[in-house]
2 protein chains.
Amino acid sequence: MLVVKKFGGTSVGNAERIFNVAKRCIADYNAGNDVVVVLSAMGKYTDVLIDMAQEINPHPSKREMDMLLTTGEQQSVALMAMAMNALGVPAVSLNAFQVQMHTTSAYGNARLHKIDKDRIQAELDQHKIVIVTGFQGIDKYDNYTTLGRGGSDTTAVAIAASLHADLCEIYTDVDGVYTADPRKVETARKLDEVTYDEMLELATLGAGVLHNRSVELAKKYGVTMVVRSSLNNHEGTIVKEGNKMEKMIVSGVAADTDAARVAVVGLKDEPGIAFKLFNNLAKKGINIDMILQSIGHNGKKDISFTCTNEDADEAKAILTDAMDFESIDVRKDVAKVSIVGAGMQSSAGVAAKMFEALYDANINIHMISTSEIRITVLINEKNTERAMNAIHDAFDLGNAD
Amino acid sequence: MLVVKKFGGTSVGNAERIFNVAKRCIADYNAGNDVVVVLSAMGKYTDVLIDMAQEINPHPSKREMDMLLTTGEQQSVALMAMAMNALGVPAVSLNAFQVQMHTTSAYGNARLHKIDKDRIQAELDQHKIVIVTGFQGIDKYDNYTTLGRGGSDTTAVAIAASLHADLCEIYTDVDGVYTADPRKVETARKLDEVTYDEMLELATLGAGVLHNRSVELAKKYGVTMVVRSSLNNHEGTIVKEGNKMEKMIVSGVAADTDAARVAVVGLKDEPGIAFKLFNNLAKKGINIDMILQSIGHNGKKDISFTCTNEDADEAKAILTDAMDFESIDVRKDVAKVSIVGAGMQSSAGVAAKMFEALYDANINIHMISTSEIRITVLINEKNTERAMNAIHDAFDLGNAD
């Protein structure tokens, strides 16, 4: 079996942890598997490098920043190879140049084009554990790039895809993906399995175990992922294409408190007004999530939308500047609560059951949006945990089927 | 003019020093020159990395060690580019992959094969200052290598050669090359110029301003080097092919206290005995410097030689094991003192004058060896400074011609 195992910075933060990861990988290797390990920079080392850069230049060029940051993972992989060698196992470290991990030139937030598998395969053929730098790539001019947040997960999945690996294990500090955040919902239960689409919705909604780009890539190439803990040997959560017959109606409840509602009241009710409003925001790079438009009356209408708390005030300023309306109102004390489930699309009454649970808990709903496998409501932020528990109970998510 | 400027780790040890180097390079750039900068790792950062490796593996693979160490220069060059950008000058950093600095696979002590000039030239054509990692290279399998001691000097000269640079400036903590070590000879004078051959002899003899490999390379490709201080703007010492007409008879006096004399007494006086002795040492990697062989008598002869203090005891053990002789004696309290000068070969009486100076100072000579441009004597170590001063005075080296 060929396994790709990805460990984050915390897992390689000091010599003891490096050896723990090394032993874990060696166990797989000794069981007869081909093992590729993807690592991030050690602990908070990326922050140390950012501080060094800040001291020199408060606005460093992104190209040079990536040149600096990529040294972090290179140190991790070299030290890991030394650790495995110390334990008597042949290992070799490779960086983005040596693997040839081709990306776009968008320094700081590049996208992977293509990963060459030849070098990794050649080293595996020599029965070595291959340790690869996550997070980094090279563009077509041989400049270093980095992949942005969650980049190492993406590297791991891309390598798994190019090598047709049997499994891509993502090690984190939690046991897997839960029906809800266990810190907020006591009866939350670890899921054995979620589909790519469910994982994507959960990630977007702040469940945040895996980065979206890695899941999208896994879905595209059919890479089976496992999210599991680096602290114990519990089985994790498998992320893969769902078997429709067995699929749960609702997999989990997620909440995102980083949401603000902007209500624009008394816009002129004429064609193109919504386009104009959202185009003004898009030009300034403000991302919109939920949208609610009132029915027009007396030649006026209202449009409400949600964005991140950070963007809300800027959105207000932009619209005040560019549009005609009666009033604009920003509320940051709101939160999004969602249910996600691949079975939802073929199952009636799911939305009704969710709304009933909230009604029974006396929680008011400001806005509603849906996708094929998700229903999201906007509520007052103070009700977030109560809402999650009410919904979790209503769908009996604490009990496995 | 195209100038290559090399700065060591101390010169880039902190943000302030990085800006000092940046300003110095920018002055050249603003004067209309093309500027390539070669940097070592910051301050003692290489030692920090070595300590990290030691904690993981006391005997790390050299391949992985080079993978780890090469991150040091990459950080230096990225930060330097940021500093120059902060000062409003376009700059770009490049590492061994980006330049394509090809070397042998002798990790930790690789030799440069070839440096591609295309990328550096392309960046210069865009009017950027180009900042390149010293000390590092890549082998034909795309593994990182390092060039060993003095490697960054070699990188600088190799880049100067490949770009046909007008000048290769090596910045150090001294003003240039002196007629003798100023800490030992008060009247020592900075030389305006030395030939490659003189510099090579001086380097070998522990004057140690430049590493031999860089000087050899400069000689081979006719690169004009300048050794100068990073702490002031004094003119340095030019190292180039000598103009025979103007050449000084003696350029300098150098001493090397890391020498031991091994005397092997009562060897059988038969053909091949010297070959057998030195072959035994060579097989174990022991380098021999001076050699003295007595005239045989009564079927016996003696052979004395010098090596480093570190190798002396091992040499004794090897010979005791492998050869027949009456006795063997190791003396570590000896030193080599040499005069070097490209004019020596066409000038009679130089050796006599050196020996006279030592005789007048009542200093006994144990052994003598010579090359075309060098005369070396082995004396008691305690006499080293007195000998240097006596010779320096005899040749009036403190006064410029």
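For the structure itself, look to the data block above.
Residues numbered from 1 in each chain as written. Chains lettered and ligands numbered in written order. Predicted model: local features only at pLDDT ≥ 70, side-chain atom pairs only at ≥ 80, totals over all residues. Heavy atoms only, no water.

1. Some words on the pattern of salt bridges
- Under the criterion given, the structure shown has 34 salt bridges over all chains.
- Lys128 of chain B is the partner of Glu123 of chain B in a salt bridge, and the nearest nitrogen-oxygen pair spans 3.0 Å.
- You can call Glu123 of chain B buried: its relative accessible area is 6%.
- Across the pair Glu169 of chain B and Arg228 of chain B runs a salt bridge, and its minimum N-O distance is 3.0 Å. Pair noted here: Glu169 of chain B is in strand E9 (residues 167-172) and Arg228 of chain B is in strand E11 (residues 225-229), with a separation of 59 residues, a long-range link. Accessibility classification places Glu169 of chain B together with Arg228 of chain B in one group, the buried group.
- Salt bridges sharing partners connect three or more residues here, namely Lys5, Asp28, Glu169 and Arg228 of chain A. (Salt bridge = Lys/Arg side-chain N within 4 Å of Asp/Glu carboxyl O. Buried < 20%, exposed > 50% of the residue type's maximum accessible area, 1.4 Å probe, protein only. Helix = DSSP H or I, 4+ residues; strand = E, 2+ residues; numbered from the N terminus.)

2. Observations concerning the pairing of strand E11 (residues 225-229) of chain A
Residues and elements named next belong to chain A.
- Burial of E11 is extensive: 5 of the 5 residues sit out of reach of the surface.
- A two-sided burial pattern is seen for E11, the buried positions comprising Met225, Val227 and Ser229 on one face and Val226 and Arg228 on the other.
- Bridge count for strand E9 (residues 167-172) against E11 is 5 bridges, and the pairing is parallel. From the neighbouring strand, Cys168 faces E11, where its bridge partner is Met225.
- Looking at chain direction, E11 and strand E12 (residues 237-240) are connected through 3 bridges and run antiparallel. Within the sheet, the bridge partner assigned to Met225 lies in E12 and is Val239. (Pairing = 2+ DSSP bridges.)

3. A look at the sheet that holds strand E10 (residues 193-195) of chain A
Residue and element names in this part refer to chain A.
- Sheet architecture is open: 8 strands sit in the order E3-E6-E2-E1-E9-E11-E12-E10, paired in mixed fashion. Here the strands that pair on one side only, and so sit at the sheet edges, are strand E3 (91-94) and E10. Averaged over all pairs of adjacent strands, the angle between their axes in this sheet comes to 20°, without regard to strand direction.
- As defined by bridge partners, strand E1 (residues 2-7) adjoins E9 across 5 bridges and the pair is classed as parallel. Counterpart to Val4 in the pairing with E9 is Cys168. (Axes fitted to C-alpha atoms, helices over the stretch in contact; angles between N-to-C directions.)

4. Section: the interface of chain B and chain A
- Counting residues at the interface gives 42 residues for chain B, matched by 42 residues for chain A.
- Of the roughly 3200 Å² buried at the junction of chain B and chain A (both faces included), carbon and sulfur atoms supply 60%.
- Looking only at chain B, the three residues that lose the most surface to chain A are Ile56, Glu64 and Met82 of chain B, adding up to 22% of its buried area.
- Applying the counting rule to chain B against chain A returns 0 salt bridges.
- Counting across the interface, chain B meets chain A through 21 residue pairs in polar contact (both at pLDDT 80 or more).
- Every element with two or more residues in the side of chain B that touches chain A is listed here: helix H1 (15-30), helix H2 (45-56), helix H3 (62-86), strand E3 (91-94) and helix H4 (96-99) of chain B.
- It is H3 of chain B that contributes the most residues to the side of chain B that touches chain A, 17 residues altogether.
- Taken together, the residues of the side of chain B that touches chain A sort by class into 26 nonpolar, 11 polar and 5 charged. (Contact = heavy atoms within 4.5 Å. Buried area = accessible area lost by both parts, 1.4 Å probe. Polar contact = N/O pair within 3.5 Å; in protein donor to acceptor, adjacent residues only side chain to side chain. Nonpolar A, V, L, I, M, F, W, Y, C, P; charged D, E, K, R; others polar.)

5. Considerations on the packing of helix H11 (residues 350-360) of chain A against helix H12 (residues 384-394) of chain A
All names here are of chain A.
- Axis separation between H11 and H12 bottoms out at 9 Å; the angle between their running directions is 130°. What the angle tells us is that H11 and H12 run oblique. Considering how the two elements wind past one another, H11 and H12 form a crossing that is right-handed. Seen from H11, the contacting residues are Lys353, Met354, Ala357 and Leu358; seen from H12, they are Ala387, Ala390, Ile391 and Ala394. (Parallel < 35°, antiparallel > 145°, perpendicular 65-115°, else oblique. Left-handed = near helix turned anticlockwise from the far one by under 90°.)

6. Focus on the relation of the copies chain B and chain A
- For the match of chain B to chain A, the screw axis carries a shift of 0.1 Å, the RMSD comes to 0.2 Å, and the turn is 180°. Within this description, the copies of the chain are treated as partners about a two-fold rotation axis. For chain B, the residue whose C-alpha comes nearest the rotation axis is Thr71 of chain B, separated from it by 2.5 Å.
- Same-surface contact between copies: 100% of interface residues of chain B are shared with the interface of chain A. (Least-squares fit on C-alpha atoms with pLDDT ≥ 70 in both.)

None of this, on its own, says anything about what the molecule does.
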